[in-house]
Amino acid sequence: MTTTPLPGRPPVVDLATWQAARDELLVREKAHTREGDAIAAARRRLPMVEFDGTVEVVGPDGPVPFLELFQGRDELVAYKHMWYDGAPHQGQCEGCTTTAWHLKDAVYLNARGVSFAVLTTGRWEEVAAYVEFMGYTQPWYSVRDVAGPAGGDMGYLTCYLRDGDRVFLTYSTTGRGNERVNGSLGLLDMTPYGRGEAWEDNPEGRPEGGSPCWSWRSDADGNATWGPTSRPVPQWTRPGATPVETLGRHGHCH
């Protein structure tokens, strides 16, 4: 049974009709899950690259060897946070800000023998001020002028393995591979309006989407904007956050 449609919203049906449609979609969802499991199995079979684990990165205690980021554990997941030198706090990448915000600590990873760190190419003095402003609790390190695999290109999740004093690169994402950390995106994908991004395949009449990350940057009132008083959304939660500085350019995200 279908009742009078509501403009821009899913059709209204009885529970049995909804359940039939839901069961049909579930077949595809289970296939997607099984394919994801198969991809994860293939990921675990990738070869790895050894590199110098004594290369120094800079953290709150000064220069330390990359090996220290493992914190004595055998595995390390790092998020490589993009950085804009000299930008105000609200001028840092909204995509990277969102990713880092969704993993404020790594207690569950630690329980499975995996450490977590955020790496970025910013000068440590700037990075330390930004971390304090945001209230991040996970460890951050500057890999400025450090070549890959420890440093290199930013904007990715990267996995490492340690065997004693030997260190290996095992995996790195590209682009949207970072989304597995951002649980908000997964939840938005379950909603009838989705992420609100223009690239999405939405039914006719649904709210028009914007460019990727549009809604991740807002003014003090929560309105999505790229204007001079905008900043990545999580930064408005900081005590005393005020739109006092002007961005000279648009941000960037993946």
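- As recorded in an unreviewed UniProt entry, the protein goes by the name DUF899 domain-containing protein, listed as coming from Streptomyces ferrugineus.

A look at the environment of Arg-9
Then step 1. Mapped onto the secondary structure, Arg-9 falls in the segment before helix H1 (15-44).
Then step 2. The class for Arg-9 is partly exposed, based on a relative accessible area of 48%.
Then step 3. Residues Arg-9 and Cys-159, spaced 150 residues apart in sequence, show a C-alpha to C-alpha distance of 41 Å.
Then step 4. Not counting residues within four places of it along the chain, the set of residues in contact with Arg-9 comprises Tyr-193 and Arg-206.
Then step 5. Within the structure, the side chain of Arg-9 is placed 3.2 Å from the backbone oxygen of Pro-7, a separation counted as a polar contact.

Thoughts on helix H4 (residues 124-134)
Then step 1. Of the positions making up H4, those classed as buried are Trp-124, Val-127, Tyr-130, Val-131 and Met-134. Buried residues of H4 fall within an arc of 125° about the axis and therefore sit on the same side. The outward face of H4, more than 90 degrees from its buried face, is lined by the exposed residues Glu-125 and Glu-132.
Then step 2. In this structure, the buried residues of H4 make contact with strand E2 (56-59), strand E4 (75-81), helix H2 (94-101), strand E5 (114-120) and strand E6 (140-142).
Then step 3. Looking one or two residues past H4, Gly-135 carries a phi angle of roughly 75°, positive in sign.

So, the pattern of salt bridges
Then step 1. If you walk through the whole model with that rule in mind, you get 10 salt bridges.
Then step 2. For Asp-189, the salt bridge goes to Arg-195, with nearest N and O atoms at 2.8 Å.
Then step 3. For Arg-195, a relative accessible area of 9% puts it in the buried group.
Then step 4. The structure contains a network of salt bridges with shared partners spanning Asp-85, Arg-123, Glu-126 and Arg-144.

As for the confidence of the model for the protein
Then step 1. The predicted model of the protein has a mean per-residue pLDDT of 89, with 92% of residues at 70 or higher.
Then step 2. Contacts from residues 244-254, a stretch scored under 50 in pLDDT, to residues over four places away or in other chains number 33 contacts.

Observations concerning a nonpolar patch on the surface
Then step 1. Taken together, the side chains of Val-13, Leu-15 and Trp-18 define a hydrophobic patch exposed on the protein surface, amounting to about 310 Å² of accessible area.
Then step 2. The residue Leu-15 is located in helix H1 in this model.

Observations concerning the pairing of E5
Then step 1. The element E5 is largely enclosed, with a buried count of 7 among its 7 residues.
Then step 2. Here E5 shows two buried faces, one formed by Val-114, Phe-116, Val-118 and Thr-120 and the other by Ser-115, Ala-117 and Leu-119.
Then step 3. The pairing of E4 with E5 spans 7 bridges and is parallel. Opposite Leu-76, over in E5, you have Ser-115 as the bridge partner.

Things to note about the state of the cysteines
What makes a disulfide is a covalent bond joining the sulfur atoms belonging to two cysteines.
Then step 1. Tallied over the entire structure, the rule returns 0 disulfides.
Then step 2. Cys-93 takes part in no disulfide bond, and the closest cysteine sulfur, belonging to Cys-96, lies 3.8 Å away.
Then step 3. Accessibility expressed as a relative area gives 1% for Cys-96, which makes it buried.

A word on H2
Then step 1. Within H2, 7 of the 8 residues are buried, which leaves it mostly tucked inside the rest of the structure.
Then step 2. Its buried side turned inward, H2 meets E4, H4, E6, strand E9 (217-218) and strand E10 (231-232).

Criteria and cut-off values
- Residues numbered from 1 in each chain as written.
- Predicted model: local features only at pLDDT ≥ 70, side-chain atom pairs only at ≥ 80, totals over all residues.
- Heavy atoms only, no water.
- Helix = DSSP H or I, 4+ residues; strand = E, 2+ residues; numbered from the N terminus.
- Buried < 20%, exposed > 50% of the residue type's maximum accessible area, 1.4 Å probe, protein only.
- Contact = heavy atoms within 4.5 Å.
- Polar contact = N/O pair within 3.5 Å; in protein donor to acceptor, adjacent residues only side chain to side chain.
- Arc of directions from axis to C-beta.
- Salt bridge = Lys/Arg side-chain N within 4 Å of Asp/Glu carboxyl O.
- pLDDT = per-residue confidence, 0-100.
- Patch = residues over 30% accessible without salt bridge, like charges linked within 9 Å, V, L, I, M, F, W, Y side chains within 5 Å.
- Areas by Shrake-Rupley, 256 points an atom, 1.4 Å probe, with all protein chains shown as cover.
- Pairing = 2+ DSSP bridges.
- Disulfide = S-S within 2.5 Å.

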